[in-house]
Amino acid sequence: MYVPAFGASSSPAFGTSLSSFRSIMLMDKKGKFLDSDSFEFEKSSQRHLIPVSFYEFDAVSLLEKLRNKRMVFVGDSLNRNQWVSMVCMVESLIPPASKFVHFNGSLVTFKATGSFESPDGIYEDTEMLQGYEMALKTWSDWLDIHVNRTRTKLFFVSISPTHNRAEEWGKGGNKNCYNETEPILKEGHWGMDSDSRMMRLVVASIQELKTKEVNVQILNITQLSEYRKEDHSSIYRKHWDALSKEQLSNPSSYSDCTHWCLPGVPDVWNVLLYTYLLF
């Protein structure tokens with residue numbers, strides 16, 4: 001038995017057939033699917049944050065929209081988290097003979113032309129915002145040169161919140177998302193690690209790209225994800241190195257409060273992406 005992350009037949013279905021398509025690192029807590037309480041909150045939070053007419057995720061419509069096209073997730077392990085979510089949301093409708101995932105070290109191999117690096121660049125240690133601004137400049141220059149403006153849709157995913165500081169939701173001590181079972185219910189909660197100055201830099205960069213006829217849509221997932229302290233992979237992820245006795249005696253010390261369980265929060269991100277693509 002499993003509980004889907006969405007409540008309608010046309011919504012994505014997550015079943016045991018997905019096991020070969022899912023990274024151990026990104027599995028649900030204890031390798032299981034959402035319990036009924038989490039499921040109910042998932043439904044209510046999505047319906048609150050996403051217009052009802054856009055809530056239903058129709059995997060067939062998305063696959064038809066993407067026929068003879070390519071959807072590419074570029075970024076770090078959180079973008080990979082979203083990519084795995086998207087695979088799970090659509091793959092059950094594709095015949096077994098027509099789908100595959102190629103494992104080659106990482107979950108997927110990317111092939112790209114051009115480079116984000118300058119062979120002559122010399123970079124010293126910089127303050128975080130300055131470094132982020134430099135990275136955005138390199139990113140936008142690359143898009144300006146390489147992206148086909150008539151054939152490509154571009155999306156920039158905003159900050160994915162972390163929940164490493166339990167004092168943010170009223171708990172004392174050196175605690176984090178470990179053992180959390182309920183979301184943050186305070187409306188408008190904004191974590192200390194989600195730097196709004198970074199998003200202002202993103203907006204400025206995207207506005208500059210627009211003057212060059214490169215259109216980038218921001219996928220703003222930060223606020224809706226801020227509440228979900230209970231949905232991180234926590235201690236239930238693959239660890240590449242053996243844990244020490246000290247770590248095992250203190251689970252919060254190795255709890256992953258950055259990545260997310262699946263089904264879970266990244267599925268909501270993909271509903272938003274689906275909405276922008278189809279409507």
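Residues numbered from 1 in each chain as written. Predicted model: local features only at pLDDT ≥ 70, side-chain atom pairs only at ≥ 80, totals over all residues. Heavy atoms only, no water.

With that settled, consider the pattern of salt bridges. Applying the stated rule across the entire model yields 11 salt bridges. Linking Lys-137 and Asp-141 is a salt bridge whose minimum nitrogen-to-oxygen distance equals 2.7 Å. Of this pair, Lys-137 and Asp-141 both sit in helix H5 (residues 128-146), 4 residues apart, roughly one helical turn. Overall, the relative accessible area of 27% leaves Asp-141 in the partly exposed class. (Salt bridge = Lys/Arg side-chain N within 4 Å of Asp/Glu carboxyl O. Helix = DSSP H or I, 4+ residues; strand = E, 2+ residues; numbered from the N terminus. Buried < 20%, exposed > 50% of the residue type's maximum accessible area, 1.4 Å probe, protein only.)

Here the structure, examined in full by the defined rule, presents 1 disulfide. What pairs with Cys-177 in a disulfide is Cys-257, and their sulfur atoms sit 2.1 Å apart. On the sign convention where negative is left-handed, the bridge of Cys-177 and Cys-257, at about -90° about the S-S bond, is left-handed. Pair noted here: Cys-177 is in the loop between strand S1 (154-157) and helix H6 (196-210) and Cys-257 is in strand S4 (residues 256-260), with a separation of 80 residues, a long-range link. Comparing Cys-177 with Cys-257 shows no difference in burial state: the two are buried. (Disulfide = S-S within 2.5 Å.)

By size, the foremost hydrophobic cluster in this structure holds 25 residues, and its most contacted members are Phe-57, Leu-62, Met-86, Val-90, Trp-269 and Leu-273. Residue assignment for this core shows that the elements contributing at least two residues are helix H3 (59-65), helix H4 (77-90) and helix H9 (265-278). Residues within four places of Val-90 in sequence aside, it is in contact with Phe-57, Ala-59, Leu-62 and Leu-63. Within the second largest apolar cluster, 16 residues are counted, among which are Trp-139, Leu-154, Met-199 and Val-216. (Core = buried A, V, L, I, M, F, W, Y, C linked by side-chain atoms within 4.5 Å. Contact = heavy atoms within 4.5 Å.)

With respect to the helices, strands and loops of the structure, Ser-194 is situated in the loop between S1 and H6. Measuring from C-alpha to C-alpha, the distance between Ser-194 and Pro-161 comes to 6.0 Å, with 33 residues separating the pair along the chain. With sequence-adjacent residues up to four places away left out, Ser-194 is seen in contact with Ile-159, Pro-161, Thr-222 and Glu-226.

Turning to the pairing of strand S2 (residues 216-219), a few remarks are in order. In terms of strand pairing, S1 meets S2 through 4 bridges, oriented parallel. Its bridge partner lying in S2, Phe-156 is registered against Ile-218. (Pairing = 2+ DSSP bridges.)

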